[in-house]
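Residue-level listing of the chains:
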Amino acid sequence: KERLGDYAGAEEAQRMALKLAVGSGLRAYVGQARQTLAHVAWAIGDFERSLREQEEALAITAETGNREAEMLGLATRGLIEVGLGDAEAGLRTEKRALELAFTEDSRSNQSAILKNGGLMLLRRGENEAALDHFRRALVLDEKLSSRRGQASARSCGMLASRPPAV
């Protein structure tokens, strides 16, 4: 539902999922539901609520030892921090997520996190650094034979390489 723009419906569905996850006692599912609630809040611009949900999700991730969820959660937290106006914190968090992705040798997550970081840098006007992130993501996506990933990296790269508006 979130992708269709029905944020209220997406939030309602995730709150139901959270209730079921809590009832089941499966902490990993509780963390997943909180992660998705953080995404919904981020999408509507409620960054403070998004950060609260993300903090809950990351605490559960640490408890359950799910490294992939941790790296993706950190990447999301970086975006939230940028939304809250703290680009420096966002980039530091994104760097931690990327380090974890390389430690875990997760190329698809490395690529996704590089693209997130590149978009943050692009927003700050650091086009060359952003372009470097997108190029590195493209190399990974080519190794993965991910056409979708390659298209995404190329599209982002086009944004970073265009001349600034006057």
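Rules and cut-offs
Residues numbered from 1 in each chain as written. Predicted model: local features only at pLDDT ≥ 70, side-chain atom pairs only at ≥ 80, totals over all residues. Heavy atoms only, no water. Helix = DSSP H or I, 4+ residues; strand = E, 2+ residues; numbered from the N terminus. Rg over C-alpha atoms; globule rule 2.2 N^0.38 Å. Buried < 20%, exposed > 50% of the residue type's maximum accessible area, 1.4 Å probe, protein only. Contact = heavy atoms within 4.5 Å. Areas by Shrake-Rupley, 256 points an atom, 1.4 Å probe, with all protein chains shown as cover. Lys, Arg positive; Asp, Glu negative; His and termini not counted. Charge placed at Lys NZ, Arg CZ, Asp CG, Glu CD. Axes fitted to C-alpha atoms, helices over the stretch in contact; angles between N-to-C directions. Parallel < 35°, antiparallel > 145°, perpendicular 65-115°, else oblique. Left-handed = near helix turned anticlockwise from the far one by under 90°. Core = buried A, V, L, I, M, F, W, Y, C linked by side-chain atoms within 4.5 Å. Salt bridge = Lys/Arg side-chain N within 4 Å of Asp/Glu carboxyl O.

**A closer look at the overall build of the protein chain**
Scanning the protein chain from N- to C-terminus turns up eight helices and zero strands. At 16 Å, the protein chain has a C-alpha radius of gyration in line with the 15 Å of a compact globule built from 166 residues. The C-alpha extent of the protein chain, read off along each of the three principal axes, is 50 × 35 × 30 Å. When each of the 166 residues of the protein chain is scored for burial, the buried share is 40%. A sequence separation of at least 24 residues applies to 51% of the contacts in the protein chain between residues at least 6 apart. For the protein chain, the computed accessible surface area is about 9500 Å², with 52% contributed by carbon and sulfur atoms. Counting 24 positive and 24 negative side-chain charges, the protein chain places the averaged centre of each group 3 Å from the other.

**Notes on the side chain of Lys 115**
With respect to the helices and strands, Lys 115 occurs in helix α6 (residues 107–123). Not counting chain neighbours up to four residues away, the residues in contact with Lys 115 comprise Phe 134, Ala 137, Asp 141, Gly 149, Ser 152 and Ala 153.

**Notes on the packing of helix α7 (residues 127–143) against helix α8 (residues 147–161)**
It is at 9 Å that the axes of α7 and α8 come closest, and there the two elements cross at 165°. As the angle between them shows, α7 and α8 are arranged roughly antiparallel. Viewed along their axes, α7 and α8 form a crossing whose handedness is left-handed. Mapping the contact onto sequence places Asn 127, Ala 130, Leu 131, Phe 134, Ala 137, Leu 138, Asp 141 and Glu 142 in α7 and Gly 149, Gln 150, Ala 153, Arg 154, Cys 156, Gly 157, Leu 159, Ala 160 and Ser 161 in α8.

**Here's the deal with unusual backbone geometry**
Here Asp 105, not a glycine, exhibits a phi torsion of approximately 55°, which is positive. Within the secondary structure layout, Asp 105 lies in the loop between α5 (87–103) and α6.

**Thoughts on the nonpolar core**
Of all hydrophobic cores here, the largest spans 14 residues; its most connected members are Met 71, Leu 74, Ala 97, Ile 113 and Leu 114. Breaking this core down by element, the ones donating at least two residues are α4 (67–83), α5, α6 and α7. Looking at this core element by element, the count peaks at four residues for α5. When near neighbours in sequence (up to four residues on either side) are disregarded, Met 71 contacts Ala 97, Leu 100, Ala 101, Glu 104, Ser 106, Asn 109 and Ile 113. Leu 91, Leu 121, Cys 156 and Ala 160 belong to the second-largest nonpolar core, a separate cluster that totals ten residues.

**Some thoughts on the pattern of salt bridges**
Pairing between side chains of opposite charge can happen when the charged atoms of each approach one another. Using the criterion set out here, one finds 15 salt bridges in the structure. A salt bridge links Arg 49 to Glu 11; the shortest N-O distance between them is 2.7 Å. Highlighted residues: Arg 49 in helix α3 (residues 47–64) and Glu 11 in helix α1 (residues 7–24), separated in sequence by 38 residues. Among the residues examined, Glu 11 registers a relative accessible area of 18% and is labelled buried. Between Glu 126 and Arg 124 there is a salt bridge; the shortest N-O distance is 2.7 Å. On the accessibility criterion, Glu 126 (29% relative accessible area) is partly exposed. Look at Arg 124 and you get partly exposed, because its relative accessible area is 35%. Among the ionic contacts, a cluster of salt bridges with common partners joins Glu 11, Arg 15, Arg 34, Asp 46, Arg 49 and Glu 53.

**Regarding the side chain of Glu 81**
For Glu 81, the position within the fold is in helix α4. Glu 81 has contacts with Asp 86, Ala 87, Ala 89, Gly 90 and Thr 93, leaving out every residue within four places of it along the chain.

That's the geometry; what it means functionally is another story.
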